[in-house]
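For reference, the chains in residue letters:
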Amino acid sequence: MKQRKIAALAAASVLALSSFSYMNTASAAVQYKDVTFSGLTVNGGEAIAGVDISSVISLEKSGVVFKDKDGNPQDIFLTLKDAGVNYIRVRVWNKPETNSGVTYGGGDNDIDTAVAIAERCSIYGLKLLVDFHYSDFWADPGKQKAPKEWANYSVDQKCSAINSFTSDSLKKLKATGVEIGMVQVGNETTTGLCGETDWKNICALMNAGSKAVRQFDKNILVAVHFTNPEKSGNYEWLAGNLKTYGVDYDVFASSYYPYWHGTPQNLTNVLGNIARKYNKYVMVAETSWANTFEDSDNFANTIGDESSLGNYVSYPVSVQGQTDALTNVFDAVAKSGPKGIGAFYWEPAWITVGDNYEHNLSLWERDGSGWATKASGEYDEDGGKWSGGSSVDNQALFSQDGRPLDSLYVYSHIKSDKNTQPEDQKDNLLDNPGFEDGSNGWKLENTTTGEYAKFEVNGEMTRTGSYAAHWYSANAFQYTGLYAEYTAPETGSYVFTDWLAGEKTSYKTMISINGSAVKDDTGSVTSYDNWQESTVEFSAQKGDTIGIWIELNGEAGGYGSVDDCEFYLKKQASVPSPEPTVSPTPVSPEPTPSPEPTPSEDPPTPSTPVSQSDPKKGDIDEDNKVNSSDLLLMLSYMQNETLLSENVTWYADMDDNGKVNIIDLLLLKERILSGMYR
């Protein structure tokens, strides 16, 4: 959480000591929507439905009493369990206090506080995510300071210290009986970790923490955590660094605050790309939304008015808006695919410790129940300057008197479909769907010449794996693409899917059956590594020749990749067609050869179509060959809208419908690619 965002607001807030009374702004019953996760292979097949309540122990020390819906005092861990929460996230700082023992605040989250939280989790069967900051206080994209005791360590010394601290902490937590399901090696490490900013060093530190987790319990998931999914290419760049330097991890976690971090659709895209390309689980480690603009503890809030809501999404500032925002975060992660495993709400219980500023301040300073104390200034200048209370009390899922809001019960609507298999278990009929075996099984075709479109298999931009079919052209180009041909193994409904990314290019995914175009899907690619799915569903009879053509047309500078193609039988015909004893189309006896027509002879007319097997079909330049020169000539005629001679019109009318258009061009290309040369 970007706590420093509130610093500029804090000075003004301490002057506004107005009284506050919480009002549930939703007068009607809150509406919920179920979110279903499919194909999960971790956490017992259940989606991770988590909250980070790291401040709870300090809040209880300050006198906060949490209650059930009826207003009766109740352990908050039980309330969360009953609402559908199954995971608790807890931050761990090394030494968040002065040498004399005065707390820095922020929940006073040393390992002893984490142990107290773990004990409560153990009672109610809640799993634990341990979030190591490897710092003495807040670590985020703006601050990644090494602990005081490690300040002068070399990178190797920091690696050794991280390994030991991680291992010792996990032993203390495990002794409570809690199930540790996941460990974060760093918090929002987008710009650094433990005082290091070079990515080789950052990754070495991450691996030191990961190694400690693996040695402690190989079943615990290791997570890395970043922020700013809204920045184009940011997560791809970060994941690329992790791969380059060999970081051992399982989960790529993102912060996602809707007012800062883009749309849910973008979140789905960027997390889905990481999951597929790097084969990692993905999740949201932090999220929240406001239920009111009112301030319950007289300390400025991160979201204090309309101007702080950002421009990405629009939810009401109400309990219903909070419900919708949280639901959409879970939905965005679920839509990223079977590697999307869940989300955590950040500090849903960090409510006010009272309604009088001076009294509150004394409690924040004594118990560390505010975001920072004055003593923190020795380590964090902002903390000492803008010390105070909670900046997210109006984003809590509890009212100021400790009762759960209706928005908490989003968790009871997070479902998992344990019977759904991951998509990659379909029987893909393609021999080389992801181009990992070069162009094997595909024909890469460039219809232009010279300094135009270049199409090749390489690793410049891939969705998954190491290779994809990549194109680039310095000039505008047309009809560049890929072709593959297969025989339908059964009669039924088929689906072909391909994924494309890039810029300045439109695409058409087209299917032909026995030489005739039957179905297509069109679209365009818009940006680097922003993958678009193209799907065509069609029917075929057993033994049909299925042509798969991915056509690309683009502007100068257009580029992109095709990857992860999938071709499968969706539904076999319930009653297979009987094998015919007689061909359904009468076959004429083999004709006797006739001499080549002379100019005085009239060519056949569309009213007497010639079979596609006729060797002269497509021979535009009348050189008794059907090859790429005919294709280029036909393309030239079409681009320049040149009238074809009567003879050439018949040769070019591949589907015998009396017209020469794009379908004829594609059929001619298919014939050439199929090897039908004369």
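Look a little higher up for the structure.
Nothing here was measured: the structure is a model prediction, and the numbers come from that model.

Help me understand the overall build of the chain in this model?
Scanning the chain for helices and strands turns up 14 helices and 18 strands. Per-residue burial for the chain yields a buried fraction of 55% across its 678 residues. Across the chain, contacts joining residues at least 24 apart in sequence account for 79% of those joining residues at least 6 apart. If you sum the accessible surface of the chain, you get close to 28,200 Å²; carbon and sulfur atoms cover 48% of it.

Hey, could you run me through the pattern of salt bridges in this one?
A side chain of one charge can pair with a side chain of the opposite charge when the charged atoms of the two come close. Under the counting rule described, the total for this entry stands at 19 salt bridges. One salt bridge in this structure joins Asp 380 and Lys 143, with 2.5 Å as the shortest N-O distance. Of this pair, Asp 380 sits in the loop between helix 10 (357–367) and helix 11 (381–385) while Lys 143 sits in the loop between strand 4 (127–132) and helix 5 (155–174), and the two are 237 residues apart along the sequence. Judged by its relative accessible area of 6%, Asp 380 falls in the buried class. Among the salt bridges present, the one from Lys 143 reaches Asp 382, with a minimum N-O distance of 3.2 Å. Of this pair, Lys 143 sits in the loop between strand 4 and helix 5 while Asp 382 sits in helix 11, and the two are 239 residues apart along the sequence. Salt bridges sharing common partners tie together Asp 52, Arg 89, Asp 131 and Glu 286.

It is not clear to me how the packing of aromatic side chains should be interpreted in this structure. Could you clarify?
What characterises a pair of aromatic rings is the spacing of the ring centres plus the angle enclosed by the ring planes. The final tally for this structure, using the stated rule, is 32 aromatic pairs. Here the aromatic rings of Phe 37 and Phe 330 are separated by 6.4 Å at their centres, their planes lie at 85°, and the arrangement is edge-to-face. Of this pair, Phe 37 sits in strand 1 (residues 35–38) while Phe 330 sits in helix 9 (residues 319–334); the two residues are 293 residues apart in sequence, bridging distant segments of the chain. Phe 330 matches Phe 37 in its accessibility class, with the two residues each being buried.

Even after reading the chapter, I still don't get helix 10, so can you show me in this structure?
It helps to recall that an α-helix has 3.6 residues per turn; residues three or four apart then point in one direction. Of the positions making up helix 10, those classed as buried are Tyr 357, Asn 360, Leu 361, Leu 363, Trp 364 and Asp 367. Looking down the long axis of helix 10, one finds its buried residues gathered within 165° of arc, a one-sided arrangement. Of the exposed residues in helix 10, those oriented more than 90 degrees away from the buried face are Glu 358 and Arg 366. Contacts made by the buried residues of helix 10 are with helix 2 (56–61). Two or three places before Glu 358, at the opening of helix 10, Asn 356 has a side-chain oxygen 3.1 Å from that residue's backbone nitrogen. Downstream of helix 10 by a residue or two, Gly 368 has a phi angle that is positive, lying close to 75°.

Got a minute to help me understand the side chain of Thr 323 in this structure?
Its place among the elements puts Thr 323 in helix 9. On the accessibility criterion, Thr 323 (0% relative accessible area) is buried.

Would you mind going over the environment of Thr 263 with me for this structure?
Relative to the elements of secondary structure, Thr 263 occurs in the loop between strand 7 (251–255) and helix 8 (264–278). On a C-alpha basis, the gap between Thr 263 and Val 329 in space is 9.5 Å, while along the polypeptide they are 66 residues apart. At 3.0 Å, the side chain of Thr 263 and the backbone nitrogen of Asn 266 are in polar contact.

Before we go on, may I ask you to explain the nonpolar core in this structure?
Nonpolar side chains tend toward joint burial in soluble globular proteins. The biggest cluster of nonpolar side chains holds 131 residues, and the ones touching the most others in it are Ile 88, Met 182, Met 206, Leu 242, Phe 252 and Tyr 411. Setting aside its immediate chain neighbours within four residues, Leu 242 contacts Trp 199, Cys 203, Met 206, Val 224, Phe 226, Val 247, Tyr 249 and Phe 252. By size, the runner-up hydrophobic cluster in this structure holds 29 residues, among which are Ala 484, Ala 540, Ile 548 and Phe 567.

I tried to follow the environment of Trp 442 on my own but got confused; where do I start?
Structurally, Trp 442 can be placed in the loop between strand 10 (414–417) and strand 11 (443–445). Sequence separation of Trp 442 and Trp 549 is 107 residues, and the distance between their C-alpha atoms is 9.8 Å. Apart from residues lying up to four places away in sequence, Trp 442 is in contact with Leu 430, Asn 432, Phe 435, Leu 482, Tyr 483, Ala 484, Phe 496, Ile 550 and Cys 565.

Looking at this structure, I do not really get the environment of Tyr 235. What am I missing?
Tracing the backbone through its elements, the reader meets Tyr 235 in helix 7 (residues 234–244). Tyr 235 sits in the buried class, given a relative accessible area of 3%. Here the alpha-carbon distance between Tyr 235 and Val 270, two residues 35 residues apart in the chain, equals 7.1 Å. Filtering out sequence-adjacent residues up to four positions away, Tyr 235 remains in contact with Phe 226, Thr 227, Asn 228, Pro 229, Phe 252, Ser 254, Ser 255, Val 270, Leu 271 and Ile 274. At 2.6 Å, the side chain of Tyr 235 and the side chain of Ser 254 are in polar contact.

Would you take a moment to explain the side chain of Gln 322 for this structure?
Position of Gln 322 among the secondary structure elements: in helix 9. At 3.0 Å, the side chain of Gln 322 and the backbone oxygen of Ala 396 are in polar contact. With residues up to four places along the chain from it excluded, the contact list for Gln 322 reads Trp 289, Ala 290, Asn 291, Pro 316, Tyr 345, Gln 395, Ala 396, Leu 397, Leu 405 and Ser 407.

Just checking my understanding: could you explain the pairing of strand 3 (residues 87–92) for this structure?
Residues in a regular strand project their side chains so that they alternate between the two faces of the sheet. Within strand 3, six of the six residues are buried, leaving the element largely enclosed by the surrounding structure. Of the two faces of strand 3, both are covered, the one formed by Tyr 87, Arg 89 and Arg 91 as well as the one formed by Ile 88, Val 90 and Val 92. Examined bridge by bridge, strand 2 (residues 48–52) and strand 3 share three bridges and lie parallel to one another. Paired with Gly 50 across the bridge in strand 3 is Tyr 87. Here six bridges tie strand 3 to strand 4, and the two strands are oriented parallel to one another. Bridge pairing in strand 4 places Arg 91 opposite Asp 131.

Just checking my understanding: could you explain the sheet that holds strand 3 for this structure?
As a general point, the strands of a sheet are linked pairwise by backbone hydrogen bonds and lie either parallel or antiparallel. Sheet architecture is closed into a barrel: eight strands sit in the order 2-3-4-5-6-7-8-9, paired in parallel fashion. Taking each pair of neighbouring strands and ignoring which way they run, the sheet shows an average axis angle of 25°. Where strand 8 (residues 281–286) meets strand 9 (residues 340–346), three bridges bridge the pair, whose relative direction is parallel. When the sheet's bridge partners are listed, Val 284 is paired in strand 9 with Ala 343. The strands touched by helix 8 are strand 7 and strand 8; relative to strand 8, the strand with the most contacts, the crossing angle is about 135°.

Help me out: how do you make sense of the packing of helix 6 (residues 199–216) against helix 7 in this one?
Two measures define how a pair of helices packs: the angle their axes make with one another and the distance between the axes. Helix 7 packs onto helix 6 with a crossing angle of 70° between their chain directions and a minimal axis gap of 9 Å. The angle between the axes of helix 6 and helix 7 places the two elements in the roughly perpendicular class. Viewed along their axes, helix 6 and helix 7 form a crossing whose handedness is right-handed. Of helix 7, the residues touching helix 6 (which contributes Trp 199, Cys 203 and Met 206) are Trp 237, Leu 238, Asn 241 and Leu 242. Taken together, the residues that form the contact of helix 6 with helix 7 break down as six nonpolar, one polar and no charged.

Explanation requested: helix 4 (residues 111–124) in the structure shown.
With 14 residues, helix 4 should cover 20 Å at 1.5 Å per step; its first-to-last C-alpha distance of 20 Å lies within 8% of that length. Where helix 4 is buried, its residues meet helix 2, helix 3 (76–83), strand 3, strand 4 and helix 5. The backbone nitrogen of Asp 112 has a side-chain oxygen 3.2 Å away, supplied by the residue at the start of helix 4, namely Asp 110. Gly 125 sits one or two residues past helix 4 and shows a positive phi near 70°.

Definitions and cut-offs
- What you see as residue numbers is a count from 1 along each chain, following the sequence as written.
- With the structure being a predicted model, the display of local features is reserved for residues of pLDDT at least 70 and the display and counting of side-chain atom pairs for 80 or more, all residues being used for whole-chain, interface and lining totals.
- Where side-chain values are given, they derive from all heavy atoms of the structure, hydrogens and water being excluded.
- Only DSSP runs of H or I with at least four residues qualify as helices, and only runs of E with at least two residues qualify as strands; both kinds are numbered from the N terminus onward.
- When a residue's accessible area, from a 1.4 Å probe over protein chains only, is under 20% of the maximum for its type it is buried; when over 50% it is exposed; and in between it is partly exposed.
- Between two residues, a contact is recorded if the distance between any of their heavy atoms is within 4.5 Å.
- Values of accessible area rely on a 1.4 Å probe in the Shrake-Rupley scheme; residue burial ignores everything except the protein chains shown.
- Here, a salt bridge means any Lys or Arg side-chain nitrogen found within 4 Å of an Asp or Glu carboxyl oxygen.
- Each pair of aromatic rings taken from Phe, Tyr and Trp, with Trp reduced to its six-membered ring, is defined by centres within 6.5 Å and is described as stacked if the planes are under 30 degrees apart, edge-to-face if over 60, and tilted in the remaining cases.
- Relevant arc is that of directions from the helix axis to the C-beta atoms, nothing else.
- Polar contacts, as counted here, are pairs of nitrogen or oxygen atoms within 3.5 Å of one another; within protein the pair requires one atom able to donate a hydrogen and one able to accept it, and residues that are adjacent in sequence qualify only if both atoms are side-chain atoms.
- Nonpolar core, defined: a set of buried Ala, Val, Leu, Ile, Met, Phe, Trp, Tyr and Cys residues in which side-chain atoms within 4.5 Å join the residues together.
- The pairing criterion is simple: DSSP has to find at least two bridges between the two strands.
- Helix axes are fitted to C-alpha atoms over the stretch in contact, other axes to C-alpha atoms as well, and angles between N-to-C directions run from 0 to 180 degrees.
- Oblique is the label for every angle not falling under 35 degrees (roughly parallel), over 145 degrees (roughly antiparallel), or within 65 to 115 degrees (roughly perpendicular).
- Throughout, a crossing is termed right-handed when the near helix is turned clockwise from the far one, and left-handed when it is turned anticlockwise from it by less than a right angle.
- Three residue categories are used. Nonpolar comprises Ala, Val, Leu, Ile, Met, Phe, Trp, Tyr, Cys and Pro, charged comprises Asp, Glu, Lys and Arg, and polar comprises the others, including Gly.
- Expected span, for any helix, means 1.5 Å times one less than how many residues it has.

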